[in-house]
Structures are given as structure tokens and as C-alpha cells.
Amino acid sequence: MKRAIIIGATSGIGRALAKQLANEGYALGLVGRRGELLDSLRAELPGTAIHTLVLDVARDADAIPALRDLIARMEGLDLCVISAGVGFLNTDLDWDKEADTIAVNVQGFAAMANVALRHFILHRKGHLVGISSVAALRGSGAAPAYNASKAFVSNYLDGLRQKVRRLQLPIAVTDVRPGFVATAMAQGSGLFWVASPEKAARQIAHAIRLRKNRVYVTRRWALIAALLKLMP
């Protein structure tokens, strides 16, 4: 039985992906800030081997050893998905919102990716998946920290992929770049091509099976990405 940890499993893409991977036969480590939502998710997945961990990735001094302990309790790890993230429309540049975004999406993401990849390198196998965004491709005056944080996620994953390639290890690193998905972070007017979390999860699971380096979710967002790259 393959073992997967999903960090940010309480809602949105992470929760939907937990259900998708459970259907595919994975044993799961479910990680999130809200224990009651982890408990309700466990109840929705009878018959699946599940460990849960209440964790705030922004508190990296506590989060790093806690994730290591979860991997030990699961007796190893094959797949780690980092879906935890926050995002705010912040035209007023409220610093608390900027700081929270950086703490979770940058510092917290890097801390969790560090633990997972070091484990995979030690055991010479594994698959790291990070949930970035199409927003990584351009800055945003409406959400400066969010777009910048997702650019960090994608760039950091690129660096980790280069590292394992140099080590010549069979470790996959997948950068998932969703467009609009019907979650709490899909804010503002003018949203289009909005996918359900379930559809996003199915496409992410497909990319995991293919061990892709990068995937846009849904796939049509690759067209928008290409246009964004051409814009001055």
C-alpha cells in the first residue's frame, strides 16, 4: 500500500485530493490546522488507513519535527502533497495579511518541502507535489504577496527538481498550477473557467500517476499561461 501525506487536507483541493487518493488505495496522513475538519474527513473515508496531524505550517520550529514524527508513525512515505496556503485580496497593503501569506505560503511551504525531500533523498525514492498557481506567472496589484508567494513555490520546486536530477535519483517533483477553483481563495469578480475541487483533484491525481514535472489545472489554463508569458 502506498503512503501519502497531504498537508492542507481540511478543505478545498487538499480535501478533495485526499478522497481521490483514498479511492486509489493510498494510506493517508492528513495534516491541517483545524482538527475538527480532519476528524470529519476521516469519517468520510471508512476503510482507509489514516493518520491525522493538527499543524500550523507557519510555525516551522514545531511543524518540522511534527511532520518527521508523522512520517515515522506511517513507517515511511511515498508521496507528499503540500496544499496548505492562504490568499487575500489586499489592495490596502494591510501588513498582517501580507505577513500571514508569506509565513504560510513561503516559509511554511519551504519547511514542509524540506522535510519531505530530505526523507525521499535518504530513501532514494518518492514524489513531492506542491500546489502553486497560475498566479505565479505575474505580479498582482490586488494580491501582491499571494502572487509573489506562488512564484516562490514554483521556483523552489524547480530548484528541488534540479537537485534530485543531479543526484540521479528516481524522485519526482510536480509543480501544480491551478487556475480558478471553487475554494475559499477564489475571490473577486470576473472569475471564469472555475473548476470544482473534485475535478481539480482528478487531474492532479492523473499528473501524479504520470510523475509530471508541471501541470496546469484545469488543462485549458495552459493557454492562459502561454499568453501571460508573452505579455510585456
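Model, not experiment: these values are computed from the prediction.

J.: Would you mind going over a positive patch on the surface with me for this structure?
T.: Side chains of Lys199, Arg202, Lys212, Arg219 and Arg220 sit close together on the surface and give a patch of like positive charge. Turning to its location among the elements, lysine 199 is positioned in helix H6 (residues 197–210).

J.: What should I look at first to understand the pattern of salt bridges in this one?
T.: Under the counting rule described, the total for this entry stands at eleven salt bridges. As a salt-bridge pair, aspartate 56 and arginine 33 come within 3.9 Å of each other at their nearest N and O atoms. Within this pair, whereas aspartate 56 is found in the loop between strand E3 (50–54) and helix H3 (60–73), its partner arginine 33 is found in the loop between strand E2 (27–32) and helix H2 (35–44), the two being separated by 23 residues in sequence. Looking at arginine 33, the relative accessible area reads 46%, which means it is partly exposed.

J.: How do you make sense of a nonpolar patch on the surface when you look at a structure like this?
T.: Residues Phe192, Trp193 and Leu223 make up a contiguous nonpolar surface patch of roughly 290 Å² in combined accessible area. If you trace the backbone, phenylalanine 192 turns up in the loop between strand E6 (171–178) and H6. On the basis of relative accessible area, phenylalanine 192 is assigned to the partly exposed category, the value being 34%.

J.: Would you mind showing me how to read the packing of helix H1 (residues 12–23) against H6 here?
T.: Two measures define how a pair of helices packs: the angle their axes make with one another and the distance between the axes. For the pair H1 and H6, the least separation of the axes is 8 Å and the interaxial angle reads 60°. Taken together, the axes of H1 and H6 are oblique relative to one another. Between H1 and H6 lies a crossing whose hand is right-handed. Here Gly12, Ile13, Ala16, Leu17 and Gln20 of H1 come into contact with H6, specifically with Pro197, Glu198, Ala200, Ala201, Arg202, Ile204 and Ala205. For the contact of H1 with H6, the residue count by class is eight nonpolar, two polar and two charged.

J.: Even after reading the chapter, I still don't get unusual backbone geometry, so can you show me in this structure?
T.: Excluding glycine, residues mostly carry a negative phi; peptide bonds, for their part, are mostly trans. The step from valine 217 to threonine 218 runs through a cis peptide bond, and the omega angle for that step is -10°. Note that threonine 218 resides in the loop between strand E7 (214–217) and helix H7 (221–230). Not every positive phi belongs to a glycine, and leucine 93 is a case in point at roughly 55°. Tracing the backbone through its elements, the reader meets leucine 93 in the loop between strand E4 (79–82) and helix H4 (95–123). Classification of leucine 93 as exposed rests on a relative accessible area of 53%. One non-glycine residue, arginine 124, lies in the positive phi region at around 65°. Relative to the helices and strands, arginine 124 resides in the loop between H4 and strand E5 (126–131). For arginine 124, a relative accessible area of 53% translates into the label exposed.

J.: Hey, could you run me through the packing of H1 against H2 in this one?
T.: Their axes nearest at 11 Å, the elements H1 and H2 cross at an angle of 25°. One way to sum up the angle between H1 and H2 is to call them roughly parallel. The two elements H1 and H2 cross, and the hand of that crossing is right-handed. Taken together, the residues of H2 that come into contact with H1 (itself represented by Arg15, Ala18 and Lys19) are Leu37, Ser40, Leu41 and Glu44. In terms of residue class, the contact of H1 with H2 is made up of three nonpolar, one polar and three charged.

Rules used throughout
Residues numbered from 1 in each chain as written. Predicted model: local features only at pLDDT ≥ 70, side-chain atom pairs only at ≥ 80, totals over all residues. Heavy atoms only, no water. Patch = residues over 30% accessible without salt bridge, like charges linked within 9 Å, V, L, I, M, F, W, Y side chains within 5 Å. Areas by Shrake-Rupley, 256 points an atom, 1.4 Å probe, with all protein chains shown as cover. Salt bridge = Lys/Arg side-chain N within 4 Å of Asp/Glu carboxyl O. Lys, Arg positive; Asp, Glu negative; His and termini not counted. Charge placed at Lys NZ, Arg CZ, Asp CG, Glu CD. Helix = DSSP H or I, 4+ residues; strand = E, 2+ residues; numbered from the N terminus. Buried < 20%, exposed > 50% of the residue type's maximum accessible area, 1.4 Å probe, protein only. Axes fitted to C-alpha atoms, helices over the stretch in contact; angles between N-to-C directions. Parallel < 35°, antiparallel > 145°, perpendicular 65-115°, else oblique. Left-handed = near helix turned anticlockwise from the far one by under 90°. Contact = heavy atoms within 4.5 Å. Nonpolar A, V, L, I, M, F, W, Y, C, P; charged D, E, K, R; others polar.

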